[in-house]
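Here's the letter readout for the chains.
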Amino acid sequence: MTAATTTEEQAVVGRLSTLDRLLPVWIGVAMLVGLLLGRGVPGLGDVLEAVRVDGISLPIAIGLLIMMYPVLAKVRYNRMGSVTGDKRLLASSLLLNWVLGPALMFALAWIFLPDLPEYRTGLIIVGLARCIAMVIIWNDLACGDREAAAVLVAINSVFQVFAFAVLGWFYLAVLPGWIGLDQTTIDASTFDIARSVLIFLGIPLVAGFLSRRLGEQAKGRQWYEERFLPRIGPFALYGLLFTIVVLFALQGNAITSSPLDVVRIALPLLVYFAVMWGGGYALGASLGLGYARTTTLAFTAAGNNFELAIAVAIATFGVTSGQALAGVVGPLIEVPVLVALVYVSLALRRRFTARTTTTMSDPAVTADQEQHPR
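Residues numbered from 1 in each chain as written. Predicted model: local features only at pLDDT ≥ 70, side-chain atom pairs only at ≥ 80, totals over all residues. Heavy atoms only, no water.

Visitor: With reference to specific residues and values, describe the packing of aromatic side chains.
Guide: Under the defined criterion, the tally for this structure stands at eleven aromatic pairs. For the ring pair Phe 170 and Trp 178, a centre distance of 5.5 Å and an interplane angle of 80 degrees mean the geometry is edge-to-face. Classification of Trp 178 as exposed rests on a relative accessible area of 62%. Consider the rings of Trp 223 and Phe 228, whose centres lie 5.8 Å apart with planes at 25 degrees: the pair is stacked. One aromatic cluster is present, formed by Phe 106, Trp 110, Phe 170, Tyr 171 and Trp 178 through successive ring pairs. A cation over an aromatic ring shows up here: Arg 120 above the ring of Trp 110, its NZ or CZ 3.6 Å from the ring centre. A cation over a ring is seen here: Lys 219 above Trp 223, with NZ or CZ 5.9 Å from the ring centre. (Phe/Tyr/Trp six-rings, centres within 6.5 Å; stacked < 30°, edge-to-face > 60°. Buried < 20%, exposed > 50% of the residue type's maximum accessible area, 1.4 Å probe, protein only. Lys NZ or Arg CZ within 6 Å of the ring centre and 35° of its normal.)

In structure tokens, the structure reads:
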């Protein structure tokens, strides 16, 4: 390992707050606290589910909305045109996120979980929920293109609202029938799934857009990005940890009684992250996108919106369902894996040629890097 690589890795750690740096630890603690509360407090489940929003207990609904709002408030909605000229990047992202990603997860779910239909369905739902949140953090730590990441996340957010329910119907009910596999019985209609998506993605998306627009109009961009966003940013992780505590409190018996099932859910997720990230990186490099945008393409392809997957699984199948448990296992695997891939990405940065590095230095990227030095 060279001195330059060591310096970069130290810089990665230095940019993380204590909360971010120890996130895997906090997630583990949240899991443990939830399990202990679920098993040690009689009647807790009934209290948590006493009030519901679209079929989801109110505490979980609040946690999901709090978790997603800060990240969506960071998106520069008025700057989407700065990256849309890169047709190769946009086409590659759409291909990876909306064609290959769902298809790969469908295949892995059937290969690894042929005898566990609830978990299999939960994983398929995870594959349909494309990145809109934590991927921005991983991309930034790996020195990817911030503006490109914001644009791809915004595009995925819009696609998610309109495509999630249709793809869910296709991969759960249509495609299995075509190839002779068991079709999943969905108690809720396509409209029910779309309604959940609109509530748990649409509300924070609109709130994020309005926050940026009104905040910049009232106080200016510098105040919005240097004072407002740092204040609300940690709430994304607070919401995630709170949601995990509540979910594990409700899922405690299922988790402790079936630990091997949790391991089986984790295996296809590990394969999925490796294939999607590696495939995205190879595709970006072969197209000559440059390090920054290749890194952005890889992380947006590998990341998933587990918050949305959990919300839809709970609303459609119930909070104590196997589908919801599959969604809960997701971030527990994604966080340590993508943190490791940040370091892999930084190591691969040295392999890019001078010509490729020049390719990435278009005016939009350069301007953004000058405005937000790493």
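That covers the picture; the talk isn't over yet.
Visitor: Give a detailed account of the pattern of salt bridges, specifying residues and quantitative values.
Guide: Under the defined criterion, the tally for this structure stands at six salt bridges. Residue Asp 86 pairs with Arg 293 through a salt bridge whose shortest N-O separation is 2.9 Å. Of this pair, Asp 86 sits in the loop between helix 5 (58–73) and helix 6 (87–112) while Arg 293 sits in helix 14 (residues 290–302), and the two are 207 residues apart along the sequence. Given a relative accessible area of 13%, Asp 86 falls into the buried group. In this structure Arg 293 comes out as buried when scored by relative accessible area, which is 4%. (Salt bridge = Lys/Arg side-chain N within 4 Å of Asp/Glu carboxyl O. Helix = DSSP H or I, 4+ residues; strand = E, 2+ residues; numbered from the N terminus.)

Visitor: Could you give me a rundown of the confidence of the model for the protein chain, with the residues and numbers involved?
Guide: Predicted confidence across the protein chain gives a mean pLDDT of 79, with 80% of residues reaching 70 or more. Put simply, helix 18 (residues 363–371) is where the protein chain has its lowest mean pLDDT, 44, and helix 6 is where it has its highest, 94. Low pLDDT (under 50) marks residues 353–374, which in the prediction has 31 contacts with non-local residues, meaning those over four places away or in another chain. (pLDDT = per-residue confidence, 0-100. Contact = heavy atoms within 4.5 Å.)

Visitor: Please provide a residue-by-residue account of the nonpolar core, values included.
Guide: If you look at the biggest cluster of nonpolar residues, it comprises 103 residues, and the most contacted ones within it are Ile 60, Trp 138, Ile 265, Leu 269 and Phe 299. Residue contacts for Trp 138: discarding those within four places in its chain leaves Phe 299, Val 335, Leu 338, Val 339 and Val 342. (Core = buried A, V, L, I, M, F, W, Y, C linked by side-chain atoms within 4.5 Å.)

Visitor: Please set out the packing of helix 6 against helix 7 (residues 117–128) residue by residue, giving values where relevant.
Guide: The contact between helix 6 and helix 7 brings their axes to 8 Å, and the two run at 165 degrees. What the angle tells us is that helix 6 and helix 7 run roughly antiparallel. Where helix 6 crosses over helix 7, the two elements pack in a sense that is right-handed. Here Trp 98, Gly 101, Pro 102, Met 105, Phe 106, Ala 109 and Trp 110 of helix 6 lie close against helix 7, whose contacting residues are Arg 120, Leu 123, Ile 124, Val 126, Gly 127 and Leu 128. (Axes fitted to C-alpha atoms, helices over the stretch in contact; angles between N-to-C directions. Parallel < 35°, antiparallel > 145°, perpendicular 65-115°, else oblique. Left-handed = near helix turned anticlockwise from the far one by under 90°.)

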